[in-house]
Amino acid sequence: MKKQCVLVSGGAGYIGSHTTVELIEAGYDVVIVDNLSNSEIGAVESVRRITGVDIPFEQVDCCDREAFRKVFEKYEFDSVIHFAASKAVGESVQKPLLYYGNNLTSFMNVVGLMHEFGRQNVVFSSSCTVYGEPDKQPVTEQTPRKPATSPYGNTKQTCEDILRDTLKAYPEMKGIALRYFNPIGAHPSAQIGELPRGVPQNLVPYVTQTAAGLRECLSIFGDDYPTPDGSCIRDYIDVTDLAKAHVAAIGRMVGDKNKENYEIFNIGTGRGVSVLELVNKFEEVNGVKVNHKIAPRREGDIIAIWADPSLANNELGWKAERTLDETLKSAWEWEKHLRGIK
Ligand code: NAD
Ligand code: UD1
């Protein structure tokens, strides 16, 4: 039987590279499309090394519809996983047009070309940011979305709406939006991981760079929140577990197991962890010191959010498996690999 092929847009990036590995290991062929605006070709080479497969790579901007069309003409694939987007929340406030332009145009092109070429299945990278500050924990897929607090968040909500409306109009197509909680960690091989540009804005890359001596001191943004230890709470999901959720989503659509042609799943562990807990755990499992201090609250931060992942557990047959200890070890192994630390 011919292997199913999946186009992975943004496949040179953090989550896309891990997902490509899991797709190949699950028996899919993959074509990667990436404009390398936030990644390096080395990540594709590492994915080829890990899998032993010479995965085709096209350096194309998904916003360039004509160039993207050529990829649709060249390869036969039934499914697309769309990761390609700009993702820094703070930057989106400074450069809203860049975010609306990139995230909406690339997504419109993906679904438009899929429709034009009769390609069926799409997975969209959404985010728990669509829930804003929830009134009740944990959040289920039924928890109401709150108005977005950043252009980035707004693009996630808008793309979800574009997908919902498009799939309503074209019932021959299928789509799944995965709402990721906070992805962290790296592949167990330590050959791929997150590559933040400049000063990291996210917690774990800042922690690993501080442990490696690249940053002097981690600021913990707030210890006076209404939480048990006063710091914010998140649901940190291992990136390899997250990657496997995409394989499950594709398998569900390819195998006609979906109940509706548009479905939404929370992808998290179901466990809320505070910033202080995470930093302490990182130090403990890796036996390294992370200099840190309490700093003022960061504007726009959500106090607490964690997932009810039972819909994904029951329907996708997917469950987060790696422990926080394993994930924090993998994050440190990756940082050591990058910096040549033994
Ligand atoms: P990333 O920046 O590492 O990967 C995105 C990739 O897309 C990069 O390789 C970049 O070069 C590429 N890209 C961006 N615009 C493109 C375009 N127009 N054409 C072609 N390639 C383009 O980010 P990531 O963390 O892997 O995130 C992947 C997706 O998951 C994004 O849509 C992001 O919004 C979403 N997401 C991420 C998180 C997170 O915390 N990392 C959380 C929720 C949702
Ligand atoms: C946010 C978005 C998410 C987006 C992600 C990527 C929400 C709920 N989530 O995640 O959709 O994909 O950004 O940019 O809006 N922290 C520190 N010190 C630091 C860095 C972070 O204390 O140096 C704290 C933050 O205050 C927060 C936690 O660590 O409480 C996690 O922060 P971060 O990694 O930036 O992710 P979110 O803000 O949760």
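For the structure, see preceding data.
This is a predicted model, so every value here is computed, not measured.

Draft legend 1. Highlighting the sheet that holds strand β3 (residues 57-58). Read across the open sheet, the seven strands follow the order β3-β2-β1-β4-β5-β6-β11; overall the sheet is parallel. Bordering the open sheet on either side are β3 and β11 (262-267), each of which pairs with just one other strand. Docked against the sheet, helix α5 (residues 96-117) engages β4 (79-82) and β5 (121-127), running at close to 175° with respect to β4.

Draft legend 2. Representation of the side chain of His18 in the model. Relative to the assigned elements, His18 resides in helix α1 (residues 14-25). Assessed through its relative accessible area of 1%, His18 is described here as buried. Among residues more than four places away in sequence, those in contact with His18 are Ala186, His187, Ile192, Gly193, Val239, Thr240 and Ala243.

Draft legend 3. Focus on the site of ligand 1. In the vicinity of ligand 1 there are 27 residues, among which Asp34, Asn38, Ser39, Asn102 and Tyr152 approach most closely. In this structure, a nitrogen atom belonging to ligand 1 sits 3.1 Å away from a main-chain N or O atom of Asn35. Contacts to ligand 1 include Ser37, whose backbone N or O atom sits 3.0 Å from an oxygen atom. Notes on ligand 1: free accessible area 820 Å², of which the protein chains cover 94%. Contributing elements (two or more residues each) for the shell around ligand 1: α1, β5 and α6 (151-169).

Draft legend 4. How the structure looks around the site of ligand 2. Lining the immediate surroundings of ligand 2 are 20 residues, of which Ser127, Leu203, Ser219, Arg234 and Asp301 lie closest. One nitrogen or oxygen atom from the side chain of Arg298 is found 2.9 Å from an oxygen atom belonging to ligand 2. A distance of 2.6 Å is found between an oxygen atom of ligand 2 and a side-chain nitrogen or oxygen belonging to Asp301. Split by residue class, the shell around ligand 2 holds ten nonpolar, six polar and four charged.

Draft legend 5. Representation of the pairing of strand β1 (residues 5-9). Counting buried positions over the five residues of β1 gives five, a clear majority of the element. Here β1 shows no split at all, with Cys5, Leu7 and Ser9 on one side and Val6 and Val8 on the other all buried. In the sheet, β1 pairs with strand β2 (residues 29-33) via five bridges, with the strands oriented parallel. Following the sheet pairing, Val8 is matched in β2 by Ile32. The pairing of β1 with β4 spans four bridges and is parallel. The partner of Leu7 across the bridge, within β4, is Val80.

How each quantity is defined
Residues numbered from 1 in each chain as written. Chains lettered and ligands numbered in written order. Predicted model: local features only at pLDDT ≥ 70, side-chain atom pairs only at ≥ 80, totals over all residues. Heavy atoms only, no water. Pairing = 2+ DSSP bridges. Helix = DSSP H or I, 4+ residues; strand = E, 2+ residues; numbered from the N terminus. Contact = heavy atoms within 4.5 Å. Axes fitted to C-alpha atoms, helices over the stretch in contact; angles between N-to-C directions. Buried < 20%, exposed > 50% of the residue type's maximum accessible area, 1.4 Å probe, protein only. Near = heavy atom within 4 Å. Polar contact = N/O pair within 3.5 Å; in protein donor to acceptor, adjacent residues only side chain to side chain. Areas by Shrake-Rupley, 256 points an atom, 1.4 Å probe, with all protein chains shown as cover. Nonpolar A, V, L, I, M, F, W, Y, C, P; charged D, E, K, R; others polar.

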